[in-house]
Amino acid sequence: MTFGRSERGKPPVEPVTLKILVAGGFGVGKTTMVGAVSEIRPLRTEELLTEAGRPVDDTSGVEGKHTTTVAMDFGRITLREDLVLYLFGTPGQERFWFMWDELAEGALGAVVLADTRRLEDCFAAVDYFERRSIPFLIGVNCFESAARYPVESVRQALDLDPDVPVVLCDARDRESVKEVLIGVVRHAMAYAAGHRQSVTS
């Protein structure tokens, strides 16, 4: 997939718009990822963590985190003149999971962000997309303090199907996030083509 522009003199192309979800556990970098790549000012619904939420919000491993997404993050990126992605970051805590069904409506695919220090936190997202047959990719957010593991080790730890892509990324870096999103689109297209073929055969 290239980032080319159309030739001069050609009429503007009506872009195809695709919806991508960014999911994962609490504090894994979903808001950061949407913000790093969005060409518009991202819509954020972050609130301060409170004492009341302390019993249900596990901040071990992310002790420096003081806010949490309570509805969604929203951003937009134009990959090509004819292709625009709308990004929806899901809330990470279990008490907000009731919103996932609405956010997932019409989604082409998803990024499940993973932190190797808290890998179990993305199990719920993996399970959610597998159950609903929504194609997804695992983006291992490479935090500076986290140990680096081979992609195959992450795949085994998450018990993923062989066709689910696993990529290393930096949720703060625009180019890194772009590559992840391109990977999701490619995977979703291949998934849809394979599904159509299995239906017709």
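Since the model is a prediction, treat every value here as computed from it, not as a measurement.

Some details on the pairing of strand β4 (residues 73-80)
Alignment of β4 against strand β5 (residues 83-89), held across seven bridges, turns out to be antiparallel. Opposite Arg76, over in β5, you have Tyr86 as the bridge partner. The loop that links β4 with its antiparallel partner β5 comprises two residues.

With respect to helix α1 (residues 30-37)
Counting buried positions along α1 yields six of eight residues, so the element is predominantly enclosed. Along α1, the residues that are buried comprise Lys30, Thr31, Met33, Val34, Ala36 and Val37.

A word on the packing of aromatic side chains
On inspection of all chains with the given rule, the structure shows six aromatic pairs. Arranged with centres 5.8 Å apart and planes meeting at 25°, the rings of Phe74 and Tyr86 form a pair that is stacked. Here the residue Phe74 occupies a position in strand β4, and Tyr86 occupies one in strand β5, the gap between them amounting to twelve residues. Measuring from centroid to centroid gives 5.2 Å for Trp100 and Tyr128, while their planes differ by 80°, and the two rings are edge-to-face. One end of the pair, Trp100, is in helix α2 (residues 100-104); the other, Tyr128, is in helix α3 (residues 123-131), and 28 residues separate them in sequence. Residue Trp100 shares its accessibility class with Tyr128, and that shared class is buried. Its guanidinium or amino end placed over the ring of Phe143, Arg117 lies 4.6 Å from that ring's centre, counting from NZ or CZ.

Re the sheet that holds β5
Taken in spatial order, the six strands make up an open sheet running β4-β5-β1-β6-β7-β8, and their pairing is mixed. Sheet topology places β4 and β8 (166-169) at the edges, where each strand pairs with a single neighbour. On average, each strand axis in the sheet is tilted by 25° relative to the strand beside it, whichever way the strands run. Pairing of strand β1 (residues 16-24) with strand β6 (residues 109-114), which is carried by five bridges, proceeds in the parallel orientation. Residue pairing across strands places Val22 opposite Val111, the latter belonging to β6. With respect to the sheet, helix α4 (residues 151-158) is in contact with β7 (136-141) and β8, its orientation differing from that of β8 by roughly 120°.

Details of the side chain of Arg155
The residue Arg155 is located in helix α4 in this model. Beyond its immediate stretch of four places on either side in the chain, Arg155 contacts Leu160, Asp161, Pro162, Val164, Pro165 and Val166.

How each quantity is defined
- Residues numbered from 1 in each chain as written.
- Predicted model: local features only at pLDDT ≥ 70, side-chain atom pairs only at ≥ 80, totals over all residues.
- Heavy atoms only, no water.
- Pairing = 2+ DSSP bridges.
- Helix = DSSP H or I, 4+ residues; strand = E, 2+ residues; numbered from the N terminus.
- Buried < 20%, exposed > 50% of the residue type's maximum accessible area, 1.4 Å probe, protein only.
- Phe/Tyr/Trp six-rings, centres within 6.5 Å; stacked < 30°, edge-to-face > 60°.
- Lys NZ or Arg CZ within 6 Å of the ring centre and 35° of its normal.
- Axes fitted to C-alpha atoms, helices over the stretch in contact; angles between N-to-C directions.
- Contact = heavy atoms within 4.5 Å.

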